Amino acid sequence: MQDSRSVLRLAEPLFEQRPTAAIGALVGNALFQIGQWDEGFAALDRAAELPASPHTRVDMGVTRATILLWGAGDAEAALQTIDRLRADPEMSPDDVVRLNTQYASILVNAGLPGVARAELEAATTSDQIHTKLGAAVAYTNALAMAGQTEQAIEAIDQAIATRPTKALTGVADVDVYVVAKSFAFTEAGRLAEANAMSEDGYERAVTCSRPLTQFWFSLSLGRNHLLTGDIATSLRMFTSARALGLDIGLRGPVRSALTGCAIAHALLGNVEAAEAALVEREELPPFAFMAPERALGDGWVAAVKGDLLEARRVLEVTAVEAVATGHISDALWLLHDVARLGAPEAVLDRMVALAATTDSAFATARAAHVMAMVANDLDGLVTSADRFEAIGAHLLAAEACVAAAEIARVAGHPRGVASLTVRAERHVAFCDGVSTPGLVASVGIAEPLTDREREIAFMAANGLTTRQIAETLFVSTRTVSNHLQHVFDKLGVRSRSDLRAVLDLGKK
């Protein structure tokens, strides 16, 4: 494994005593890996004044572009750096291929994975080790974003096996490859493996004082725990990633950490903290990497405030943009959350079509869940719960069990209701403190809530007034009041505070 600090111990004194461009490129790259952006730029600037072969100039340009992208959050400047080198007549055909690969890698991280995939795929078959390895992480990410998870895992495994142990300028530490592999496992629905991989990587990063990879593993763990439903742990990891990212100057990528904080706070019912995270996020510079997922923060904050209509609108609009840029996995996540927030019919056809283009068990499970929701299919919902449980997505499994229990109640199957309720509570226990519309159940009452009553109950329990609910749903205040009275009668409560206590299944 490449140890950037060991590289610096050996190379920095040599660069001071007998400076060469090649050693300067090595030092600049190592400084980037440990999060010292300014020092890395200074080393590259000094090396640029020394005689250098075209190959070494490419090494320095790739590192400079990488710092510009991740450290400064300036994708345009990173692309311009590569463009200037591509226009240099001294570049060999192999140099140009490597530069083209780096350009495509920047496009993936700048929010355009669909545009860059073909170029990156060609690069992974190159005989040039720098070109092959330089493409691997971005190519894996682009494939995972498109839902091609088996190919993504195969690509990153080949890169890790090919990668030499010695330090290579312009090529990331091996743990950056592990982050990409963990991401592909997550998108495939292999959450337990993704978590184990990221936990091990996080420990290595802490032990070896590598803040850059520590940040990415923190972000990965936050995202994985969010998907399992362990929201408290997710919040802790996203909060850690936020602090670490700000400390080392990763202001753009910190936007993803703050989005995660907002989602977690919203699911735990901490509205003010969730809104504060979104405000802080918008004060940071724009950054397009995994940008579609930012809508999840906006959507869930709107939902926990009771504005389900706005939540669904934000998620649907962003899902369309996600498909256009090649973020198919994100589009499925966004559309699935639209369904979970009360509009499965609106997204069913798109989800089925998108899931058919992927090999992801997670994508298939999400689409099948929405099909069962729309069809009011008891067996389909039980199967969905089975699939989510196998993936490790306990919150989604709990919601599927709750919905199945409601159908069983209407059909007059008390044993099925009891079994599914126990199963739902087992999954909810893993998600301690979480509240979503899908967990709103009428367990233990004679007459179940209708879909409209469940929606209004969730909005009222989250603090919206009768007038606000009426304006959101485009109905009269009398209609809302009538529905609320039915909810109160069915649940045996007398006030909205009692309603919140009854419906907040995650906090029992």
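Computed from a predicted model, the values in this text were never measured in an experiment.

Undergrad: Explanation requested: unusual backbone geometry in the structure shown.
TA: Despite not being glycine, Asn376 has its phi angle at roughly 55°, a positive value. In this structure, Phe474 is a non-glycine residue whose phi angle is positive, near 60°. As for its placement among the helices and strands, Phe474 is situated in the loop between α25 (466–473) and α26 (477–491).

Undergrad: Help me understand the pattern of salt bridges in this model?
TA: For side chains bearing opposite charge, pairing can occur when the charged atoms are close. Counted according to the given criterion, the structure contains 28 salt bridges. Of the charged contacts, one joins Asp83 and Arg86 as a salt bridge, the two residues approaching to 2.6 Å between their closest N and O atoms. Taken together, the residues span about one helical turn, with Asp83 and Arg86 both in helix α5 (residues 75–86) at a distance of three residues. Classification of Asp83 by relative accessible area gives partly exposed; the value is 33%. One salt bridge connects Glu282 with Arg255, and the closest N-O pair in it is separated by 3.5 Å. Placement of the pair is Glu282 in helix α15 (residues 271–282) and Arg255 in helix α14 (residues 254–267), with a sequence separation of 27 residues. On the accessibility criterion, Glu282 (47% relative accessible area) is partly exposed.

Undergrad: What's the story with the side chain of His327 in this structure? I'm lost.
TA: With respect to the helices, strands and loops of the structure, His327 is situated in the loop between α17 (308–325) and α18 (328–340). Contact partners of His327, with chain neighbours within four places excluded, come to Gly111, Pro113, Met145, Met290, Pro292 and Ala322.

Undergrad: Before we go on, may I ask you to explain helix α4 (residues 54–71) in this structure?
TA: Every α-helix winds through 3.6 residues per turn, so residues three or four apart in the chain are directed the same way. The first and last C-alpha atoms of α4 sit 25 Å apart over 18 residues, in line with the 26 Å expected at 1.5 Å per residue. Judged by how many residues are buried, α4 sits mostly within the fold: 14 of 18 residues are covered.

Undergrad: Mind showing me how you'd approach the packing of aromatic side chains here?
TA: Each aromatic ring pair is characterised by the separation of its centres together with the angle its planes make. Counted according to the given criterion, the structure contains six aromatic pairs. Look at Phe32 and Trp37: their rings are 5.4 Å apart centre to centre, the planes differ by 40°, and that puts the pair in the tilted class. Plain terms: the ring middles of Trp70 and Trp216 are 5.1 Å apart, the flat faces sit at 80° to each other, and that makes the pair edge-to-face. Here the residue Trp70 occupies a position in helix α4, and Trp216 occupies one in helix α12 (residues 211–228), the gap between them amounting to 146 residues. Exposure remark for Trp216: the relative accessible area of 14% places this residue in the buried category. Taken together, the ring pairs in this structure connect Trp70, Phe215, Trp216, Phe287 and Phe289 into an aromatic cluster.

Undergrad: Explain the environment of Met373 here, please?
TA: Structurally, Met373 can be placed in helix α20 (residues 361–375). Separated by 252 residues in the primary sequence, Met373 and Glu121 have C-alpha atoms spaced 38 Å apart. Those residues in contact with Met373 that sit more than four places away from it in its chain are Ala339, Arg340, Pro344 and Leu381.

Conventions and cut-offs
Residues numbered from 1 in each chain as written. Predicted model: local features only at pLDDT ≥ 70, side-chain atom pairs only at ≥ 80, totals over all residues. Heavy atoms only, no water. Helix = DSSP H or I, 4+ residues; strand = E, 2+ residues; numbered from the N terminus. Salt bridge = Lys/Arg side-chain N within 4 Å of Asp/Glu carboxyl O. Buried < 20%, exposed > 50% of the residue type's maximum accessible area, 1.4 Å probe, protein only. Contact = heavy atoms within 4.5 Å. Expected span 1.5 Å × (residues − 1). Phe/Tyr/Trp six-rings, centres within 6.5 Å; stacked < 30°, edge-to-face > 60°.

Remember that the coordinates give geometry; whether it matters functionally is a separate question.
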